[in-house]
Amino acid sequence: MEEEKNKEKFMKEALKQAKKAYDKLEVPVGAVIVKDGKIIARAYNQKEEKNDTTNHAEIMAIKKASKKLNSWRLLDCDMYVTLEPCSMCAGALIQSRIRKVYIGAPDAKTGACGSVLNLLKDYKFNHNVEIENGVLKEECEALLKEFFKELRNLKKKGWNFGHWIWGQLPKTSSPNQKNECKKTNKIENQNFLERN
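Residues numbered from 1 in each chain as written. Predicted model: local features only at pLDDT ≥ 70, side-chain atom pairs only at ≥ 80, totals over all residues. Heavy atoms only, no water.

### Some details on the sheet that holds strand 2 (residues 38-44)
An order of 2-1-3-4-5 is seen for the five strands of this open sheet, with the pairing classed as mixed. Because the sheet does not close on itself, it has two edges, and the strands there are strand 2 and strand 5 (130-133). Geometrically, the sheet is characterised by an average inter-axis angle of 20° between neighbouring strands, direction not taken into account. Pairing geometry for strand 1 (residues 30-35) and strand 2, over six bridges, is antiparallel. Bridge pairing in strand 2 links Lys35 to Lys38. (Pairing = 2+ DSSP bridges. Helix = DSSP H or I, 4+ residues; strand = E, 2+ residues; numbered from the N terminus. Axes fitted to C-alpha atoms, helices over the stretch in contact; angles between N-to-C directions.)

Put into structure tokens, the structure is as follows:
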């Protein structure tokens, strides 16, 4: 009973991170890493904001935990993540020596922990990561469904999801232009969401 409560508690913390991603119009995925019953790292998707394909919540959390522990080996650490990790993130779980991953929602399109393939179980690597699926599954799925429904509605209304949405400008733009664009777009994005 106590173990079940802890799983839910930590997944709720991952959901808080996912909501931060949602607020920034990132795919709402959040992750936390736990060692000895305490959260040592929290992260959310920042792929669009940072214009970096590798900035998934899991990778960001692993980087933060490694920095905190001053080691790339995250021995005796568990990860709680709201969406099943992709192949890149599953590989990072193995490489960082995460003990166990607790997954909220499955990912039928890119999930690499059982949905599309299972990198953690079907192959012989030098480290075995345990998996537990379905922790707060309904809450995790609901947040993702709400996000993509809202995104589709915004697209129907003609909202441009190109460079404008995240304030990205060509590399030739000055730092001041980029910062000003990000500030302006953050305000515009929020105003648009409030109006619609």
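### So, the nonpolar core
Membership of the largest hydrophobic core comes to 49 residues, with the highest contact counts inside it found for Met11, Ile33, Met79, Leu93, Ile98, Val101 and Leu120. Of all the secondary-structure elements, those providing two or more residues to this core are helix 1 (2-23), strand 1, strand 2, helix 3 (57-69), strand 3 (77-83), helix 4 (87-95), strand 4 (100-105) and helix 5 (137-156). Among all residues touching Leu120, those that are not within four sequence positions of it are Ala90, Leu93, Ile94, Val101, Ala112, Cys113, Asn128, Val129 and Ile131. (Core = buried A, V, L, I, M, F, W, Y, C linked by side-chain atoms within 4.5 Å. Buried < 20%, exposed > 50% of the residue type's maximum accessible area, 1.4 Å probe, protein only. Contact = heavy atoms within 4.5 Å.)

### Focus: the environment of Lys19
Its place among the elements puts Lys19 in helix 1. Given the relative accessible area of 46%, Lys19 is considered partly exposed. In this structure the C-alpha to C-alpha distance between Lys19 and Leu144, which are 125 residues apart in sequence, comes to 9.8 Å.

### Structural notes on helix 5
The end-to-end C-alpha separation of helix 5 is 29 Å, in line with the 28 Å expected for 20 residues at 1.5 Å each. Within the span of helix 5, buried status applies to Cys140, Leu143, Leu144, Phe147, Leu151 and Leu154. Looking straight down helix 5, one finds its buried side chains confined to an arc of 95°; they lie on one side. Across from the buried face of helix 5, at angles greater than 90 degrees, the exposed residues are Glu138, Lys145, Lys149 and Lys156. Looking one or two places after helix 5, you find Gly158, whose phi comes out positive at around 90°. (Expected span 1.5 Å × (residues − 1). Arc of directions from axis to C-beta.)

### Structural notes on the packing of aromatic side chains
For the coordinates displayed, the defined rule picks out five aromatic pairs. Judged by centre distance (4.3 Å) and plane angle (5°), the rings of Tyr80 and Tyr102 are stacked. One end of the pair, Tyr80, is in strand 3; the other, Tyr102, is in strand 4, and 22 residues separate them in sequence. By the burial criterion, Tyr80 is buried, and Tyr102 matches it. Between Tyr123 and Phe125, the aromatic rings sit 6.3 Å apart at their centres with planes inclined by 45°, giving tilted as the arrangement. Residue classification places Phe125 among the partly exposed positions, given a relative accessible area of 42%. One aromatic cluster in this structure is built from Phe10, Tyr80 and Tyr102. (Phe/Tyr/Trp six-rings, centres within 6.5 Å; stacked < 30°, edge-to-face > 60°.)

### Thoughts on the pattern of salt bridges
Taken as a whole and judged by the stated rule, the model has nine salt bridges. When the shortest N-O distance is used, the salt bridge between Glu13 and Arg42 registers 2.7 Å. Within this pair, whereas Glu13 is found in helix 1, its partner Arg42 is found in strand 2, the two being separated by 29 residues in sequence. Residue class for Glu13 comes out buried when judged on its relative accessible area of 18%. Of the residues examined, Arg42 reaches a relative accessible area of 35% and is grouped as partly exposed. Where Asp76 meets Arg99, a salt bridge forms, and the shortest distance between an N and an O atom there is 3.8 Å. Here Arg99 lies in the loop between helix 4 and strand 4 and Asp76 lies in the loop between helix 3 and strand 3, a separation of 23 residues in the sequence. Among the residues examined, Asp76 registers a relative accessible area of 43% and is labelled partly exposed. Here the salt bridges do not stand alone but share partners, grouping Glu3, Glu4, Lys7, Lys100 and Glu132 into one network. (Salt bridge = Lys/Arg side-chain N within 4 Å of Asp/Glu carboxyl O.)

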